[in-house]
Every structure is written in C-alpha cells, then in structure tokens.
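As a plain string of letters, each chain reads:
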Amino acid sequence: MTETETRIHHAGKQHNGDAMAEGSTVEDVFDDTYKEGDGPKPPRMLVWRNIILMSLLHIGALYGLILIPSASVLTLAWSAVCFLISALGVTAGAHRLWSHRSYKASFPLKVFLALANSMAFQNDIYEWARDHRVHHKYSETDADPHNAMRGFFFAHIGWLLVRKHPDVIEKGRKLELSDLKADEVVMFQRRHYKLSVVILCFLVPMLVPWYFWGESLLVGYFLPGLLRYTVVLNATWLVNSAAHMWGNKPYDKTINPRENPLVAFSAVGEGFHNYHHTFPFDYATSEFGCRLNLTTAFIDLMCFLGLAKDRKRVSKETILARIQRTGDGSHKSG
Ligand code: ST9
Ligand code: ZN
Ligand code: ZN
C-alpha cells in the first residue's frame, strides 16, 4: 500500500461519493517493518481436543451428506438459508463491517449480523476481527495466524489444531482494537458467545424443520446443522488456503493473495483476495462490485433500505494506477 492510499484510509476522504469513516484507524494495512526472528521455529504443539472435535465434525458432515436423499425439499431449502445467513454473519459482519470498518451499519443490522455470526460459530466477532487484522498486517509471516507459507493444510485448518506462534499473540496484543471494545453489540455477543452458538448454530437449524414441517430431528441435526456448518467453515478456510495460493495477481504481484473466482463463488464474494489485500478498506472486496459477490449485493440492499451507509470504495483511477505500478499484467477490465 502506498503512502497516499494509507493516508486515504486513515484520514477520511471521499471515494465515488461514499464517505470514508472519519478518523478510521483500522489496523489492517501490511506492516513491512516486522521481521521474523532468526533461529529455529518454536515446536509445533498439537491441541488434541481440537483435532478430535474437528474430526468428529467432518465425520458428522459426511453422514449429513448420506442423509440428503431422505430430507424433504423444505429441509434442503432451509439448509441453504442457514448457509446464507451464517455466511453473511462472517462476510458482511465479522469481515467487512467489524474487521475492516468498510461501511457503517445501523443497530438493527448489527444485531442481525451478530446473530448470524453466532450461527457461523467461527469464534466470537472480537476474536475473529482481532486475528483477521493481524492476518492483514503481518500476512505470510510468523505473526500471521494462518500463515500460508506453512502450506495449504496449515492455512486451511491446521492453524486451528495447534498452539499459535508466539508472534501472533505478541503482535495481536499491540493492535488498536478500541473500536471493537467500544461496540456494545460485539461485546454482548462475546459475553454470551457459547449460549448463542448452541442456540443459533445447532438448535435453531435443527428445530425449525422439525417443528414447522415435521422433519426428523436426526436429519435436522446433521443437514442444516452439522453439514451446513462444515460447508461454511471450509468455504471460509478456502480464502486463507486456496486464495493465498492459486490465481492471478492483477493488483499487486509482490504479495501472495490471489484472485480466485471459484473461492469467490463459494465464499459469497470473498475470493478476490489480491484486490482485498491491496485495498482492505473497500466494502466490495473486489473491483467488480456485485459480480460473484452476494455480500456486496447484500450491503447495497441494506444501504437502499436505510440500514447501512458510508460504503468505502477505491476510485477507478487509484485502481488503474496500482495495476500499472504493481500488477502482474493479468488484469482484464470490465
Ligand atoms: C474458525 C475461524 O474457523 C475462521 C477464521 C477464518 C478467517 C478467514 C479470513 C478470510 C477473509 C474473509 C473471508 C470470509 C469468507 C466467509 C465465507 C462463508 C461461506 N492477538 O487462542 P489461544 C491471546 S474458528 C492478541 O487459546 P493458543 C488470547 O486472548 C472454528 N492476543 O491461543 C489468550 O489470552 P488470555 C471454531 C491473542 O493457546 C491467549 O493469547 N473454533 C491472539 O495458541 C491464548 O489464546 C475453533 O476451532 C491475537 N491474535 O491456541 C477454536 N491470539 O490467556 C479455535 C490469541 O489472556 N481456537 N491471543 O485470554 C483455539 O482452540 C485456539 O485459539 C488455538 C490456539 C488452539 C487455535
Ligand atoms: Zn488473506
Ligand atoms: Zn480482510
């Protein structure tokens, strides 16, 4: 990120008519002054509890797949609805709103996004946003929680199965997180996180089909419950693994994250990762607005309904200048 772009992010200028948040100081800008320590890396410490739980979850999800033929059409549709709600709780909520402050949400929208986020069960919003800011600031280093230099498996799921590298915690503790601490919706969700996950990630998805159209509790638990949860998790993790490994780098060839349309599709708009790491404050996380990007369409709809405002966007001129200065030559306009 150039000095000008950093300043724009922090100072509150106008982009394409959408106002930047005044005095925004979100720490999501890459810090190239950090150097990894010399000498041997700390030993990998497995967390067996997580290994066992993640294995059981994925076995449960496979069983959910087998149950698909015995589920009613309504239950399948409900599973898709649960997928979408939990996905938006991560993309429009934890990611674009709370990690990057790329737009402003009204109180009712924040409440919806926090509930949707609990349905996604990916750690509470505060922890998610904190880890995500460290990811942007120290990308592909020891201080990146899911450092893709450690390979596909580590970036995908492995990082949740071992103790964190000490630099992740050390650098994370120095981050400016006062905006999250001051957000009553974020802190309320954090205080009641476990209960909210039990209700929203497991009980509601299972009980709605049972109560309203007589689906069996077994199918309700394994399909809109475990299988949907596992699919959302893996779609999210693909952004950390696949989109840090495969795809073009039209905006900045000096960084690892890539443009990956398949990941964009499965992660409802979050696979344009070269663009996103280059311009992390852009609410669309892509140059191309709503294309393959349901989350951007959702935020636009919320703005239309008066529930959100102040979408930050990068100007076409800035994007073009950046493509010419640091792109890999693969950019296709329009
Ligand atoms: C999950 C998260 O899946 C997924 C996030 C993905 C991010 C994707 C980003 C891509 C872009 C967006 C795309 C969205 C696409 C969505 C598509 C949807 C279709 N800074 O953590 P501990 C402190 S979660 C500062 O135990 P260990 C911490 O506060 C899945 N401090 O570290 C604590 O302090 P204290 C479900 C930090 O022991 C102490 O350190 N959840 C930081 O190394 C120890 O913390 C799970 O599986 C930091 N960054 O354990 C659970 N980090 O003691 C996963 C830590 O004072 N978590 N601290 O309280 C764990 O079990 C553990 O964290 C661990 C590490 C085992 C992984
Ligand atoms: Zn990334
Ligand atoms: Zn991000």
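The rules behind each value
Residues numbered from 1 in each chain as written. Chains lettered and ligands numbered in written order. Predicted model: local features only at pLDDT ≥ 70, side-chain atom pairs only at ≥ 80, totals over all residues. Helix = DSSP H or I, 4+ residues; strand = E, 2+ residues; numbered from the N terminus. Rg over C-alpha atoms; globule rule 2.2 N^0.38 Å. Buried ≥ 20, exposed ≤ 12 C-beta atoms within 10 Å, placed from the backbone. Contact = placed C-beta atoms within 7 Å. UniProt positions renumbered as here; feature names shortened; annotations may be inferred. Axes fitted to C-alpha atoms, helices over the stretch in contact; angles between N-to-C directions. Left-handed = near helix turned anticlockwise from the far one by under 90°. Nonpolar A, V, L, I, M, F, W, Y, C, P; charged D, E, K, R; others polar. Near = placed C-beta within 6 Å. Core = buried A, V, L, I, M, F, W, Y, C linked by C-beta atoms within 7 Å. Arc of directions from axis to C-beta.

**Student:** Lay out the overall build of the protein chain with the relevant residues and their values.
**Tutor:** The helix and strand inventory of the protein chain stands at 15 helices and four strands. In summary, the protein chain has a C-alpha radius of gyration of 20 Å against a globular reference of 20 Å for 334 residues, a match within 12%. Within the span of the protein chain, comprising 334 residues, buried residues form 47% of the whole. Sequence-distant contacts, at least 24 apart, represent 70% of the contacts inside the protein chain between residues at least 6 apart.

**Student:** A description of the UniProt feature "domain: Fatty acid desaturase" (unreviewed entry) in the protein chain should follow, citing residues and the corresponding values.
**Tutor:** Mapped onto the present numbering, the UniProt feature "domain: Fatty acid desaturase" (unreviewed entry) falls at residues 80-280. Here residues 80-280 is 64% helix and 1% strand, with 28 Å between the C-alpha atoms at its ends.

**Student:** How would you sum up the packing of helix α3 (residues 73-99) against helix α4 (residues 107-120)? Please name residues and give values.
**Tutor:** Packed helices, taken two at a time, are described by the angle between their axes plus the distance between the axes. Closest axis-to-axis distance for the α3/α4 pair is 7 Å, and the angle between their directions is 115 degrees. As for how α3 packs across α4, the hand of that crossing is left-handed. In this structure, α3 contributes C82, I85, S86, L88, G89, V90, A92, G93, A94 and L97 to the contact, and α4 contributes L113, A114, A116, N117, M119 and A120. Per-class residue counts for the contact of α3 with α4 are twelve nonpolar, four polar and no charged.

**Student:** Before we move on, could you go through the environment of S241 and cite the residues and values that matter?
**Tutor:** Its location among the elements puts S241 in the loop between α11 (217-240) and α12 (261-266). Given 22 C-beta atoms within a 10 Å radius, S241 is considered buried. In this structure, the C-alpha to C-alpha distance between S241 and D167, residues 74 residues apart in sequence, is 20 Å. Apart from the residues lying within four places of it in its own chain, the contact partners of S241 are A148, F152, A155 and H156.

**Student:** For the UniProt feature "transmembrane region" (unreviewed entry) in the protein chain, give the residues involved together with the corresponding values.
**Tutor:** Mapped onto the present numbering, the UniProt feature "transmembrane region" (unreviewed entry) falls on residues 51-70, 76-98, 195-213 and 219-239. Strand forms 0% of residues 51-70 and helix 85%; the C-alpha atoms that close the span are 30 Å apart. Secondary structure across residues 219-239 comprises 100% helix and 0% strand; the distance between its end C-alpha atoms is 29 Å.

**Student:** Quick rundown of the site of ligand 1? Include the residues and the values.
**Tutor:** Taken together, 31 residues sit near ligand 1, with A87, R163, K164, G172 and A235 positioned nearest. Those elements that place two or more of their residues in the shell around ligand 1 are α3, α5 (125-137), α7 (166-173) and α11. When the residues that make up the shell around ligand 1 are grouped by side-chain class, the tally is 16 nonpolar, nine polar and six charged.

**Student:** Could you give me a rundown of the packing of α3 against α11, with the residues and numbers involved?
**Tutor:** Two elements in contact, α3 and α11, have axes whose closest approach is 9 Å; the angle formed by their N-to-C orientations is 35 degrees. Crossing of α3 over α11 shows right-handed handedness. Residue-level contacts link T75, W78, S79, C82, F83, S86, A87 and V90 of α3 to V219, L223, P224, R228, V231, V232 and T236 of α11. The residue inventory of the contact of α3 with α11, partitioned by class, reads ten nonpolar, four polar and one charged.

**Student:** For the nonpolar core, give the residues involved together with the corresponding values.
**Tutor:** Counting 65 residues, the largest nonpolar core has L113 and L238 as the members making the most contacts within it. Of all the secondary structure elements, the ones that give two or more residues to this core are α3, α4, α5, α9 (184-191), α10 (193-213), α11, α12 and α14 (294-304). Ranked by residue count, the leading element in this core is α11, at 13 residues. Setting aside residues no more than four positions away along its own chain, L113 makes contact with G89, A92, G93, L97 and A105.

**Student:** Break down α9 for me, with residues and values.
**Tutor:** Within the sequence span of α9, burial applies to V185, V186 and Q189. For α9, the buried positions fall inside an angular range of 100 degrees around the axis, keeping them on one side. The outward face of α9, more than 90 degrees from its buried face, is lined by the exposed residues E184 and R191. Buried residues in α9 make contact with α3, α4, α5, α8 (178-181) and α10.

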